[in-house]
Amino acid sequence: MNTVFFIAAGVAVISTLLVICHSNAVHALLYLIISFSAVAVIFYLMGAPFVAALEVIIYAGAIIVLFLFVVMMLNLGPVATAQEKAWLQPRMWIGPSILGAILLALTVSLLWRGAPTAAGGAEVGPRQVGAALFGVYLLAVQLAALLMLAGLVGASHLRRRELLPESETKTELLP
Amino acid sequence: MLSILKSVWLVFLHLFRRKITIQYPEEKAYLAPRYRGRIVLTRDPDGGERCVACYLCAVACPVDCIALGATEDEHGRRYPEFFRINFSRCINCGFCEEACPTYAIQLIPDVEMAEYQRQNMVYEKKDLLIDGEGKYHGYNFYRVAGLAIGGKDKGEAEKESPPVDPKSLLP
Amino acid sequence: MSDVVFKLVLIATVLLVILHLAGFLIWVERRLLALLQDRLGPNRAGPLGLFIIVADIIKIFTKEDWIPPFIDKPVFVAAPMIIMVTALLSFAIVPFAPGAVILDLDIGVLLFLGLSSMGIYNVILAGWASNNKYALLGGLRMAAQMFSYEVFMGLSLMGVVTLAGSFNLSAIVHAQREGWFIVPQFLGFLIFFIAALGETHRLPFDMPEAESELIAGYHTEYSSMKFGMFFVGEYISVTLFSALMTTFFFGGWLGPVLPPLAWFCVKTAGFIVVFIVLRAALPRPRYDQLFAFGWKFILPAALLNLVVTGALVLWKSS
């Protein structure tokens, strides 16, 4: 089990690094998909198959599709790639990488000292997740649902205002 | 919604209909006698060539697939020295048949003209000339034309009165 | 030990059967479409024209594998593999007969949904990597279409999951011993079927490759076996969705007299035929009609189905 975990973790770390460093936006997004899949594997190993499946369905399957959709619509050509390359100068990435290195050192030292039991906890199936969501955290779920409903209505409203002049002309054209 | 299901059902029923496919090499589709297919050159009832090499077919041809050269025999009768049709160009429009004044060039209901080499699609006179009269039986151009030609003088053609002698005063 | 051997044999059998079935379906579809259109279809090569499969395969393998110079090569090459991988992996959770399932996973339904959502990428990436406006349009359409139909597919399956009380496909089949789920979940079945049409981008929902508008959509630039993988991948997903509809709504391998595997195959074959008949019968809707139908009609219907099913299950249990 540990080897699988380390392989998945390594894949996740490397692909995430590539997401940050890659100059081609679409390729970077592809590495993000791989990163999400690796994280899903880790979730599965840690006894949360439901979260692993949701990670793949929602993040790797849906959110990244939207990202890709937008990137494809923007039609970034070789010019954008060159620009990205120009941005990857040492003085650009040296600050964030020092901060990242500090975080990494902290994590490693914590793990070294014997972290709280990470892997091998009790398995959390769909039933437990459902019970938690609609039992203990019912209020939070409903609040989140309200927030999403507000977002939905807002998006629909913005679209409608844009459409209005066109629909008016359409009604005029009708006999 | 119901109409979609109905159309799906109707299309499904077509599974059991009689098929309209004609299994070509074994069974062949009916081609009408006046179908415009391969071009042939016909002969008159006496066995002579009908073509008088007037070039009207070559002129009428919209794709310029007909080439011929005129010549005369010892009686002054015109005939094509060579007659060449490039069937890889021919569009079987039948304009040559309409243009022909002697019923010589005719289109017949034969469409099986596939070749492995493109050069074989060019038909020479010996390939085009058939021994029969084609669609118009008993017609002989030189028998009805007023032309004096080997063995037939002026006024001897069918339905032709003898030539008027302008120098005579007789009625 | 014998368990491992059994699993390996099962995996090999499933792979062999599915891949050959995909080739066989080329012939089935051509013959059946022809019959539905009052024609005969390919019947020359071999008995019933069956050797046309061999001819097709020889042709597709010996064609020039042309990679255009203007494309994004790694993505272009990876795209056709994705559909094969995701569609074939999904067969791991399908129970063919009692005990004959490669991966008896407790989150089987979720795994299938995740794999099918990953399957979107083949079309999107193929469309983008081709660097061709028609391919890109096809990819964009596909992204939007599969993204929306994914939602309904998940929601329509939740009714089945609620009734069976499990995400495990074998458990779902076992739960149908008293009655197939097609009766209580008829609306769910209709929604799942429509979503399956959208997911497999078969006619009438083949927006991403609509020949009359987009040449061939996302696989315009593909040739040889790369095109063949899209082609075969489509048939594999048709088989997959037929198998899943059998499992979810028509009792899987349950049935009298005949052995379980035979029942499973008969039901799956029936759904494949339905897919082909639909292709022959229905015209392609307009792009915006597809989405209006999806979001304004199917989504509320799926939610209603889920709510009513959940309410009934709670009422019965209390």
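All figures in this text were calculated on a predicted structure; none of them were measured in a lab.

1. Side note on the interface of chain C and chain A
Next, step 1: At the interface, 23 residues of chain C touch 24 residues of chain A.
Next, step 2: Roughly 2,000 Å² is buried in total at the junction of chain C and chain A, and carbon and sulfur atoms are behind 82% of that figure.
Next, step 3: In this assembly, chain C and chain A are joined by zero salt bridges.
Next, step 4: Taken together, chain C and chain A are joined by one residue pair in polar contact (both at pLDDT 80 or more).
Next, step 5: The set of elements that each furnish at least two residues to the side of chain C that touches chain A consists of helix H3 (73-90), helix H4 (108-129) and helix H5 (133-164) of chain C.

2. Digging into helix H2 (residues 52-62) of chain C
Residue and element names in this part refer to chain C.
Next, step 1: Every buried residue of H2 is listed here: Ile52, Ile53, Asp56 and Ile60. An end-on view of H2 places all buried positions within 105° of arc, on one side of the element. Of the exposed residues in H2, those oriented more than 90 degrees away from the buried face are Ile58, Phe61 and Thr62.
Next, step 2: Tucked inside the fold, the buried residues of H2 contact helix H1 (2-36) and helix H9 (224-249).

3. Here we look at the nonpolar core
Next, step 1: Core analysis: the biggest nonpolar cluster contains 127 residues, and Val109, Phe112, Phe192, Phe248 and Phe249 of chain C have the highest contact counts within it.
Next, step 2: Looking at this core, the element that brings in the most residues is H5 of chain C, giving 14 residues.
Next, step 3: Ignoring anything within four residues of it in the chain, the contact list for phenylalanine 248 of chain C reads Val109, Leu157, Val160, Leu169, Ile172, Gln176, Phe181 and Phe192 of chain C.
Next, step 4: Among the nonpolar cores identified, the runner-up in size contains 24 residues, and Ile39, Cys51, Cys61 and Leu128 of chain B belong to it.

4. Considerations on the environment of tryptophan 9 of chain B
Residues and elements named next belong to chain B.
Next, step 1: Here tryptophan 9 is to be found in helix H1 (residues 2-13).
Next, step 2: A residue is classified by how much of its surface remains accessible, and tryptophan 9, at 49% relative accessible area, is partly exposed.
Next, step 3: Here the alpha-carbon distance between tryptophan 9 and valine 144, two residues 135 residues apart in the chain, equals 66 Å.

5. So, the packing of helix H2 (residues 25-45) of chain A against helix H3 (residues 49-74) of chain A
Residues and elements named next belong to chain A.
Next, step 1: H3 packs onto H2 with a crossing angle of 175° between their chain directions and a minimal axis gap of 8 Å. Viewed along their axes, H2 and H3 adopt a mutual orientation that is roughly antiparallel. Contacts between H2 and H3 pair Ala25, Val26, Leu29, Leu32, Ile33, Phe36, Val39, Ala40, Phe43 and Tyr44 from the former with Pro49, Val51, Ala52, Glu55, Val56, Tyr59, Ala60, Ile64, Phe67, Leu68 and Val71 from the latter.
Next, step 2: Class assignment for the residues of the contact of H2 with H3 results in 20 nonpolar, no polar and one charged.

6. Overview of the packing of aromatic side chains
Residue and element names in this part refer to chain C.
Next, step 1: Summed over all chains, the structure comprises 31 aromatic pairs over all chains.
Next, step 2: Ring geometry for phenylalanine 189 against phenylalanine 193: centres 6.1 Å apart, planes inclined by 35°, an arrangement best described as tilted. Linking phenylalanine 189 with phenylalanine 193, this pair stays in helix H7 (residues 186-199), spanning four residues, or about one helical turn.
Next, step 3: Given a relative accessible area of 11%, phenylalanine 193 falls into the buried group.

7. A closer look at the pattern of salt bridges
Next, step 1: Across all of its chains, the model carries 17 salt bridges over all chains by this definition.
Next, step 2: Glutamate 49 of chain B serves as the salt-bridge partner of lysine 125 of chain B, at 3.0 Å between the closest nitrogen and oxygen. Residue lysine 125 of chain B is located in helix H4 (residues 125-128), and its partner glutamate 49 of chain B is located in the loop between strand S1 (38-41) and helix H2 (56-60); the two are separated by 76 residues in the primary sequence.
Next, step 3: We note a salt bridge from glutamate 234 of chain C to arginine 202 of chain C, for which the minimum N-O separation is 3.3 Å. Of the two residues, glutamate 234 of chain C sits in helix H9 while arginine 202 of chain C sits in the loop between H7 and helix H8 (211-214), which places them 32 residues apart along the sequence.
Next, step 4: Accessibility expressed as a relative area gives 13% for glutamate 234 of chain C, which makes it buried.
Next, step 5: Connected via shared salt-bridge partners are Glu29, Arg202, Glu234 and Arg279 of chain C.

8. Examining the sheet that holds strand S2 (residues 66-72) of chain B
Residue and element names in this part refer to chain B.
Next, step 1: With antiparallel pairing, the three strands of this open sheet are ordered in space as S2-S3-S5. The open sheet has two edge strands, S2 and strand S5 (122-123), and neither has a second partner.
Next, step 2: Relative to S5, strand S3 (residues 78-86) runs antiparallel, the two sharing two bridges. When the bridges of S5 are listed, asparagine 86 appears paired with valine 122.

9. Details of the side chain of lysine 125 of chain B
Next, step 1: On the basis of relative accessibility, which here comes to 14%, the residue lysine 125 of chain B falls in the buried class.
Next, step 2: Sequence-distant contacts of lysine 125 of chain B, that is, excluding residues within four places in its chain, are made with Leu41, Glu49, Tyr79, Pro80 and Phe83 of chain B.

10. Some remarks on the interface of chain C and chain B
Next, step 1: Counting from both sides, the interface comprises 13 residues of chain C and, opposite them, 16 residues of chain B.
Next, step 2: Across the chain C to chain B interface the summed buried area is about 1,300 Å²; carbon plus sulfur atoms make up 65%.
Next, step 3: Contact with chain B buries surface across chain C, with Leu36, Asp38 and Arg44 of chain C losing the most and accounting together for 41% of the total.
Next, step 4: Inspection of the chain C/chain B interface yields two salt bridges.

11. Digging into H2 of chain A
Next, step 1: A rise of 1.5 Å per residue sets the reference length of H2 of chain A, with its 21 residues, at 30 Å; its end C-alpha atoms lie 30 Å apart and thus fit the reference within 8%.
Next, step 2: Among the residues of H2 of chain A, those classed as buried are Val26, His27, Ala28, Leu29, Leu30, Leu32, Ile33, Ser35, Phe36, Ala38, Ala40 and Ile42 of chain A.
Next, step 3: The inward-facing, buried residues of H2 of chain A contact helix H1 (2-21) and H3 of chain A together with H3 and H4 of chain C.
Next, step 4: Downstream of H2 of chain A by one or two residues, glycine 47 of chain A has phi in the positive range, about 85°.

12. A look at the side chain of asparagine 305 of chain C
Residue and element names in this part refer to chain C.
Next, step 1: Turning to its location among the elements, asparagine 305 is positioned in helix H11 (residues 287-317).
Next, step 2: By relative accessible area, which is 7% here, asparagine 305 ends up buried.
Next, step 3: For asparagine 305, the contacting residues outside a window of four places in its chain are Ser156, Gln185, Leu187 and Gly188.

13. Notes on unusual backbone geometry
Most peptide bonds adopt trans geometry, and most residues besides glycine take a negative phi value.
All names here are of chain B.
Next, step 1: Non-glycine residue alanine 53 carries a positive phi angle of around 55°.
Next, step 2: At asparagine 92, a position not held by glycine, the phi torsion is positive, near 55°.
Next, step 3: By the element assignment, asparagine 92 lies in the loop between S3 and helix H3 (95-99).
Next, step 4: Take asparagine 92: its relative accessible area is 23%, and that puts it in the partly exposed class.

14. Here we look at the confidence of the model for chain A
Next, step 1: On average, residues of chain A carry a pLDDT of 76, and 79% of them reach 70 or more.
Next, step 2: Counted against residues more than four places away or in other chains, residues 169-175 of chain A, with its pLDDT under 50, gives zero contacts.

Reading the values: rules and limits
- Per chain, residues are indexed from 1 in the order of the written sequence.
- Whichever chain is written first is A, and whichever ligand is written first is 1; the rest continue in order.
- For a predicted model such as this one, the threshold for reporting local features is a pLDDT of at least 70, and the threshold for listing and counting side-chain atom pairs is 80 or more; totals across whole chains, interfaces and linings nevertheless cover every residue.
- Side-chain figures throughout are based on the complete set of non-hydrogen atoms in the structure, without hydrogens or water.
- In what follows, residue pairs with any heavy atoms lying within 4.5 Å of each other are defined as contacts.
- Accessible area that two parts lose when put together, with a 1.4 Å probe and added across both, is what the buried area reports.
- Any Lys or Arg side-chain nitrogen found within 4 Å of a carboxyl oxygen on Asp or Glu counts as a salt bridge.
- Counting of polar contacts relies on pairs of N or O atoms within 3.5 Å, with two restrictions inside protein: one atom must be capable of donating a hydrogen and the other of accepting it, and residues adjacent in sequence are counted only when both atoms are side-chain atoms.
- Each helix is a run of DSSP H or I of at least 4 residues and each strand a run of E of at least 2, with the numbering of both proceeding from the N terminus.
- Each residue is assigned to one of three classes by its accessible area relative to the maximum for its type, calculated with a 1.4 Å probe on protein chains only: buried under 20%, partly exposed between the two thresholds, exposed over 50%.
- When we speak of the arc, we mean the arc of directions from the helix axis to the C-beta atoms.
- Side-chain atoms within 4.5 Å link the members of a nonpolar core, which is a set of buried Ala, Val, Leu, Ile, Met, Phe, Trp, Tyr and Cys residues.
- Orientation is described by lines fitted to C-alpha atoms, with helices fitted over the stretch in contact, and by angles between N-to-C directions that extend from 0 to 180 degrees.
- Note on angle classes: values under 35 degrees are labelled roughly parallel, values over 145 roughly antiparallel, values of 65 to 115 roughly perpendicular, and the remainder oblique.
- When residues are grouped by polarity, Ala, Val, Leu, Ile, Met, Phe, Trp, Tyr, Cys and Pro land in nonpolar, Asp, Glu, Lys and Arg in charged, and all others, Gly among them, in polar.
- Ring pairs shown here join Phe, Tyr and Trp side chains whose ring centres sit within 6.5 Å, with only the six-membered ring taken for Trp; geometry is labelled stacked below 30 degrees between planes, edge-to-face above 60, and tilted in between.
- Here, strands pair whenever DSSP counts at least two bridges between them.
- To estimate how far a helix should reach, multiply one less than its number of residues by 1.5 Å.
- Confidence of the predictor at the level of single residues is given by pLDDT, which spans 0 to 100.

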